[in-house]
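Secondary and tertiary structure notes
As a plain string of letters, each chain reads:
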Number of protein chains: 2
Amino acid sequence: MISEKMKNYVKNSSAIRAMFEEGRKMASLYGEDKVYDFSLGNPNVPPPRGVENAVMEILKEEKGSFIHGYMNNSGFLDVREAVGEATNRKHGTAFSSDNIIMTVGAAGGLNVVLKTLLNPKDEVIVFAPFFGEYKSYVENYDGVLSIVSPDMETFCPNLIEFEEKINKKTKAVIMNSPNNPTGVVYSEELIKQLAKILKRKEEEYKTSIYLISDEPYRELVYDGIEAPYLTKYYRNTVIVYSFSKALSIPGERIGYLVFPKELDDFQEIVDAANVATRILGFVNAPSLFQKVVAKCMNEKTDISYYDKNRQVLYEGLTKMGLTCVKPQGAFYLFVKSPDPDEKNFCQRAKKYHILMVPGSSFSCPGYVRIAYCVAYETIINALPKFEELIKEYK
Amino acid sequence: MISEKMKNYVKNSSAIRAMFEEGRKMASLYGEDKVYDFSLGNPNVPPPRGVENAVMEILKEEKGSFIHGYMNNSGFLDVREAVGEATNRKHGTAFSSDNIIMTVGAAGGLNVVLKTLLNPKDEVIVFAPFFGEYKSYVENYDGVLSIVSPDMETFCPNLIEFEEKINKKTKAVIMNSPNNPTGVVYSEELIKQLAKILKRKEEEYKTSIYLISDEPYRELVYDGIEAPYLTKYYRNTVIVYSFSKALSIPGERIGYLVFPKELDDFQEIVDAANVATRILGFVNAPSLFQKVVAKCMNEKTDISYYDKNRQVLYEGLTKMGLTCVKPQGAFYLFVKSPDPDEKNFCQRAKKYHILMVPGSSFSCPGYVRIAYCVAYETIINALPKFEELIKEYK
């Protein structure tokens with residue numbers, strides 16, 4: 001009796017779910033320390049101390065009926081101000097509370113934006129490999145996903161194919177840098193070229209094409225680089241931010257949207273996004289954690305922890321002959337599968353208690369995603385197992 | 001550039017939003033204590049002490065990366081167990097964690113259920129007057145709202161019209177008792193009759209019709225009565241619960257769904273509801289507050305506070321000649337407007353700094369909703385103003 005649409009989603013999601021359950025079963029059979037679960041993007045680094053301190057302070061300072069009560073659908077005014085100011089300090093922008101809507105994480109934010117913008121059959125361009133949920137989010141509003149095929153050399157957007165994919169039904173483009181699943185951070189030069197193409201196509205078709213920048217991994221960058229802030233390069237940019245990875249609080253579901261004043265139909269979009277927040281059933285971002293993140297805008301998770309994992313795993317696996325773009329952000333390696341069918345590779349890996357996600361979940365078969373947001377020991381202990389696994393292919 | 005659907009929602013929602021803003025403006029012009037804002041269902045009673053204690057305990061007892069981390073989309077297992085057990089103790093049911101999905105409030109829960117069940121053009125029956133958001137929620141999934149007209153005598157469902165409205169496209173019925181906006185609590189006898197009709201019609205059309213019970217006000221009942229627990233009367237019942245009013249924490253967005261094993265296609269529905277939780281962008285109910293409510297299943301907001309407001313306001317207004325069903329639940333009075341156009345009445349009331357919501361927002365024109373979840377003083381000070389207002393109609 002469930003809806004026809006949901007039947008497909010349930011069928012397709014059972015693979016990942018089965019893996020998760022298998023991982024849990026393995027752990028109970030062989031012990032947690034004998035299972036190398038690289039399948040989930042659940043941060044292993046604890047939240048910075050400031051998060052707990054903030055909770056304590058807020059409960060002491062504010063009245064419960066206020067701190068746990070309703071506010072505007074867009075969030076507490078002071079929180080939106082704090083978010084705007086922190087963004088301005090970091091990126092030299094000029095946002096105020098008017099530009100910010102607090103959201104139930106980035107997933108909530110993306111749904112709000114897509115509900116706001118999409119008419120049925122509107123196209124949304126994504127670059128493979130991409131976070132598989134984008135497909136469901138776009139289809140929630142009867143939009144059509146248009147996939148630019150992956151550039152296996154760099155895992156950066158293929159701009160020639162991108163330009164070809166834009167047509168008068170193109171309503172939005174979703175970008176995700178630092179990228180899940182590759183960890184690649186797009187360069188300023190690439191952003192500039194992409195922006196140029198978008199402007200040209202907007203003029204050609206007399207439309208507005210919104211660039212939606214999904215940025216849960218913005219703070220997770222290594223080697224001293226920084227991900228360019230997209231509103232500076234392209235007028236019609238909406239930022240979708242999450243504190244999930246920046247503060248290691250993914251379960252709390254807290255993030256925000258940035259709508260720059262320069263957006264075509266700025267006020268109409270903000271008004272609609274507010275209403276979308278309400279009618280999609282979010283109503284508002286969780287209230288206590290709105291206040292918490294406002295106090296933690298300068299807090300940062302311990303990047304050095306992930307960085308160490310990244311170095312050791314990258315070096316370990318490439319020494320074994322596996323190939324992979326060295327990631328400069330997020331906490332994933334996207335590794336070429338030695339088996340032409342990467343699902344087989346993932347299946348074989350389970351023999352060694354190694355869990356990875358097949359690239360086909362990111363519209364990029366032939367690769368596997370390895371999430372290294374795990375304990376350092378897990379990586380050290382997994383490396384010999386990887387070696388055994390890879391020997392099977394030699 | 002916003003979507004066509006959203007244009008209508010933005011237009012329609014501007015009325016309530018304008019009122020909210022007018023209220024804020026009035027408060028800054030005349031002072032908070034000179035404005036009688038009965039427009040919002042934002043609980044005025046602070047959360048029970050147990051809520052803050054639970055937060056403190058949890059932060060002390062559990063690791064941050066666990067308490068703020070991801071878990072299954074359905075929520076923490078121990079939390080779902082606690083919810084099931086508490087429900088069993090209170091209502092003599094037999095639920096386990098398998099029957100529970102934690103949600104982003106009741107609004108989130110309703111969206112998950114409707115996404116799970118509805119195919120385009122499926123009909124969902126509601127009883128006027130009803131919470132206006134139901135319309136948006138149903139339309140989010142291309143369902144069609146079928147409205148049973150209000151019974152102005154009792155504000156209980158008109159079962160004759162209900163039966164006539166059921167057809168083979170009827171997929172669900174939304175019930176809301178204690179009711180927003182009337183405060184009426186439906187009797188056991190009425191539930192039994194309604195269940196009988198549903199069973200008869202399921203057999204007639206060889207379909208499953210799901211009864212969705214929206215219960216944010218379950219704990220807010222007076223005069224020693226209790227709202228019947230619907231799963232005991234009708235097999236295909238889904239409960240949508242929220243802690244927003246029970247614990248005065250509406251901003252935290254925490255509630256749950258109950259799927260009894262007796263549901264047609266139980267496992268398929270639960271699996272789909274899990275996936276819906278994810279793809280709608282909720283991902284999971286906020287993690288810390290999942291743990292908080294699990295510790296607060298026996299906590300209760302101070303009902304006596306609302307009860308006092310209810311008595312004083314009901315007696316005050318009826319003495320002035322206004323008519324209204326005496327509510328036994330929630331924190332609203334639904335009062336017959338002395339002006340045939342209740343929007344005029346609400347408009348005039350603003351002269352006296354009284355804010356109320358027109359009944360047309362609940363598909364029941366000619367009435368106004370007065371939310372008495374306000375300070376007692378607000379009611380005492382507002383009564384003479386009501387008197388002046390009503391004099392205009394004599």
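Just so we're clear, the structure is a prediction, and the values are computed from it rather than from any experiment.

What follows deals with the overall build of chain A. Along chain A, the regular secondary structure elements total 13 helices and 12 strands. Computed over C-alpha atoms, the radius of gyration of chain A comes to 21 Å, within 12% of the 21 Å expected from 2.2 N^0.38 for 394 residues, which places it in the range of a compact globule. Split into buried and exposed, the 394 residues of chain A put 53% on the buried side. Considering only intrachain contacts with a sequence separation of at least 6, the fraction spanning at least 24 residues in chain A is 73%.

Once that is clear, we can look at the relation of the copies chain B and chain A. Rotating chain B by 180° about the axis while translating it 0.0 Å along that axis superimposes it on chain A, leaving an RMSD of 0.0 Å. Between the two chains, the operation in question is that of a two-fold axis.

Now for helix H13 (residues 376–391) of chain B. All names here are of chain B. Between its terminal C-alpha atoms H13 stretches 23 Å, which fits the 22 Å expected from 16 residues at 1.5 Å a residue. Along H13, the sharpest change in direction is near 30° and occurs at Ala382; proline Pro384 comes one to four residues later. Among all positions of H13, only Ile379, Ala382 and Phe386 are buried.

This part covers the packing of helix H2 (residues 49–61) of chain B against helix H10 (residues 287–295) of chain B. Packed helices, taken two at a time, are described by the angle between their axes plus the distance between the axes. Residues and elements named next belong to chain B. At a closest axis distance of 9 Å, the pairing of H2 and H10 adopts a crossing angle of 120°. Viewed along their axes, H2 and H10 adopt a mutual orientation that is oblique. Handedness of the H2/H10 crossing: right-handed. Mapping the contact onto sequence places Val51, Ala54, Val55, Glu57 and Ile58 in H2 and Leu288, Lys291, Val292 and Lys295 in H10. In terms of residue class, the contact of H2 with H10 is made up of 6 nonpolar, no polar and 3 charged.

A few words on the packing of helix H2 (residues 49–61) of chain A against H2 of chain B. Orientation of H2 of chain A relative to H2 of chain B, taken along the N-to-C sense of each, is 160°, at an axis distance of 11 Å. Judged by the inter-axis angle, H2 of chain A sits roughly antiparallel to H2 of chain B. Judged by the sense of rotation from one axis to the other, the crossing of H2 of chain A with H2 of chain B is left-handed. Only Glu52, Val55 and Leu59 of chain B of H2 of chain B make contact with H2 of chain A, whose side of the interface consists of Glu52, Val55 and Leu59 of chain A.

What follows covers the nonpolar core. Formed by 251 residues in total, the largest nonpolar core has its most connected members in Leu257 and Tyr372 of chain A together with Leu257 and Tyr372 of chain B. Those residues in contact with Leu257 of chain A that lie beyond four places of it in its chain are Ile101, Thr103, Gly109, Val112, Val113, Val238, Ile239, Val240 and Ala273 of chain A.

This next bit is on the domain arrangement of chain A. It is common to give the size of an interface as the accessible area that goes away when the parts come together. Residue and element names in this part refer to chain A. Taken domain by domain, chain A comprises domain 1 (4–47 + 301–391) and domain 2 (49–295). If you list the elements that add at least two residues to the side of domain 1 that touches domain 2, you get helix H11 (303–319) and strand S9 (332–336). Considering every element that reaches the side of domain 1 that touches domain 2, the biggest residue donor is H11, with 4 residues.

Rules used in this analysis
Residues numbered from 1 in each chain as written. Chains lettered and ligands numbered in written order. Predicted model: local features only at pLDDT ≥ 70, side-chain atom pairs only at ≥ 80, totals over all residues. Helix = DSSP H or I, 4+ residues; strand = E, 2+ residues; numbered from the N terminus. Rg over C-alpha atoms; globule rule 2.2 N^0.38 Å. Buried ≥ 20, exposed ≤ 12 C-beta atoms within 10 Å, placed from the backbone. Contact = placed C-beta atoms within 7 Å. Least-squares fit on C-alpha atoms with pLDDT ≥ 70 in both. Expected span 1.5 Å × (residues − 1). Bend = angle between axes of the 7 residues up to and from the residue. Axes fitted to C-alpha atoms, helices over the stretch in contact; angles between N-to-C directions. Parallel < 35°, antiparallel > 145°, perpendicular 65-115°, else oblique. Left-handed = near helix turned anticlockwise from the far one by under 90°. Nonpolar A, V, L, I, M, F, W, Y, C, P; charged D, E, K, R; others polar. Core = buried A, V, L, I, M, F, W, Y, C linked by C-beta atoms within 7 Å. Domains from an automatic or database assignment.

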